[in-house]
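So the chains spell out like this:
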Amino acid sequence: MKISTTWISTALLGAALTLGAPLEIERRAPSGPAGIDVSSYQTGINWATVKANGVSFAYIKATEGTTYTSPQFSSQYTGAYNQGIIRGAYHFAHPDSSTGAAQANYFLAHGGGWSADGLTLPGALDIEANPSGATCYGLSTSAMVSWISSFSSTYHSATGRYPVIYTTASWWNQCTGSSTAFAANSPLWVAHYTTASTPGALPAGWSYETFWQYADSGPNPGDADVFNGSASGLKKIATG
C-alpha cells in the first residue's frame, strides 16, 4: 500500500504493522518550483504532460567527457522549450580523461551554451563519484580543484555565466578537500535523497543550494528536483 506522508493515521499505521503488511511511504515534494533532470534513459517524454504536472524547469544531459553526446538531447531540449519549460543542459565530468577546458569546449559545442532568452539555464557541471573507477578519478584534491576551475573559467569566458555545479556534499568534501573556491560564482545543485524538508549539510563553501535533487524518481520522467526560491527567482537565473 502506498501512503502519502501528508496523512498517515495512527490507526492505519498500527493496523499495517499488526498485520505484517508492507508499508511504502511516499515522500512529499519540497516547496518551490518543481523540476526534473533527464538523460538518454528517458525516451519519448511527453513535455506537455510534464508541464501540466507543474514542472517549471528541467536539466537535460548533453555530453560526457569528450566522446559522448546524448542521442535524446536535441529532442528533449527542444521539447521542453516548446512547452515554455525553463531548461538547461548538463555535462557529466570525467576529470581523468581530458582537461576541464577540453570538456567545457566539448559541452559548449554540443548544446551546452547559454542565451538570455528567459528559458535557458546556465549549463551545469555534473561532478560526482566515478561510476567506473576510483571515486576521485585518481586526482589529488588540488588537481581536482584545478580541473573544475579550468572547466568553469572556460565556460564563463564563452557564455558570461559560471556553470551550475551538481554534486554531493560527501564527494565534494572528499575529492576537492572541502574547497570553497567556487561558491561565490557557481550556483549549487546538490543531490541528497531524503524524506526531510531540507537537503541537510551542503558541500563546503555554499551556505544554501539553488537546486536540490531530492529523489531519483517521481510522477514525472527522470530525477525530481526543486528550485530554492520563487518562480520569479527561477526566471532571473535564466535571464542572467
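Residues numbered from 1 in each chain as written. Predicted model: local features only at pLDDT ≥ 70, side-chain atom pairs only at ≥ 80, totals over all residues. Heavy atoms only, no water.

The protein chain goes by N,O-diacetylmuramidase in an unreviewed UniProt entry, where it is assigned to Sistotremastrum suecicum HHB10207 ss-3. The UniProt entry for the protein chain carries this comment under Sequence similarities (unreviewed entry): "Belongs to the glycosyl hydrolase 25 family." Looking at the Subcellular location (unreviewed entry) heading of the UniProt record, one finds this comment for the protein chain: "Secreted". (UniProt positions renumbered as here; feature names shortened; annotations may be inferred.)

**Some points on the state of the cysteines**
On inspection of all chains with the given rule, the structure shows one disulfide. Between the sulfur atoms of cysteine 136 and its disulfide mate cysteine 175 the distance is 1.9 Å. The chirality of the disulfide connecting cysteine 136 with cysteine 175 is left-handed, given an S-S dihedral of about -70°. In this pair, cysteine 136 sits in the loop between strand S7 (124-126) and helix H5 (141-159) while cysteine 175 sits in helix H6 (residues 169-175), placing the two residues 39 residues apart along the sequence. The same class applies to cysteine 136 and to cysteine 175, which are both buried. (Disulfide = S-S within 2.5 Å. Helix = DSSP H or I, 4+ residues; strand = E, 2+ residues; numbered from the N terminus. Buried < 20%, exposed > 50% of the residue type's maximum accessible area, 1.4 Å probe, protein only.)

**Topic: helix H4 (residues 100-109)**
The set of residues buried in H4 consists of Gly100, Gln103, Ala104, Tyr106 and Phe107. Seen along its axis, H4 keeps its buried residues to an arc of 160°; they face one direction. Buried-residue contacts for H4 involve strand S4 (55-64), strand S5 (68-69), strand S6 (86-92), S7 and H5. (Arc of directions from axis to C-beta. Contact = heavy atoms within 4.5 Å.)

**Things to note about the pairing of strand S3 (residues 34-38)**
Across the five residues of S3, four count as buried, placing the element largely inside the fold. Bridge analysis of S3 against S4 gives five bridges, and the strand direction is parallel. Paired with isoleucine 36 across the strands is alanine 58, a residue of S4. In this fold, S3 hands off to helix H2 (residues 47-52), which returns the chain to S4; that crossover is right-handed. When S3 meets strand S11 (residues 223-227), the two strands line up antiparallel, connected through four bridges. Bridging from a neighbouring strand, glycine 35 pairs with aspartate 225 of S11. (Pairing = 2+ DSSP bridges. Right-handed = clockwise from strand over helix to strand, strands pointing away.)

**Here we look at helix H7 (residues 231-239)**
Looking at H7, one finds that the buried residues are Gly233, Leu234, Ile237 and Ala238. Along the axis of H7, the buried positions cluster into a sector of 150°, meaning they face one direction only. One or two steps after H7, the chain reaches glycine 240, where phi turns positive at roughly 85°.

**Some points on the environment of aspartate 126**
Here aspartate 126 lies in strand S7. For aspartate 126, a relative accessible area of 7% translates into the label buried. Residues aspartate 126 and lysine 61, 65 residues apart in the sequence, show an inter-C-alpha distance of 9.3 Å. With sequence-adjacent residues up to four places away left out, aspartate 126 is seen in contact with Tyr90, His91, Phe92, Ala93 and Tyr166.

**Brief notes about the confidence of the model for the protein chain**
Confidence in the prediction for the protein chain averages 90 pLDDT; 88% of positions are at 70 or higher. For the protein chain, per-element mean pLDDT is lowest for strand S1 (residues 2-4), which scores 29, and highest for S7, which scores 99. The low-confidence segment residues 1-26 (pLDDT under 50) makes 23 contacts with residues lying over four places distant or belonging to another chain. (pLDDT = per-residue confidence, 0-100.)

**Some thoughts on the pairing of S6**
With seven of seven residues buried, S6 lies mostly within the body of the structure. Note: S4 against S6, seven bridges, orientation parallel. What sits directly across from isoleucine 60, in S6, is alanine 89. Between the parallel elements S6 and S7, the chain passes through H4 in a crossover that is right-handed.

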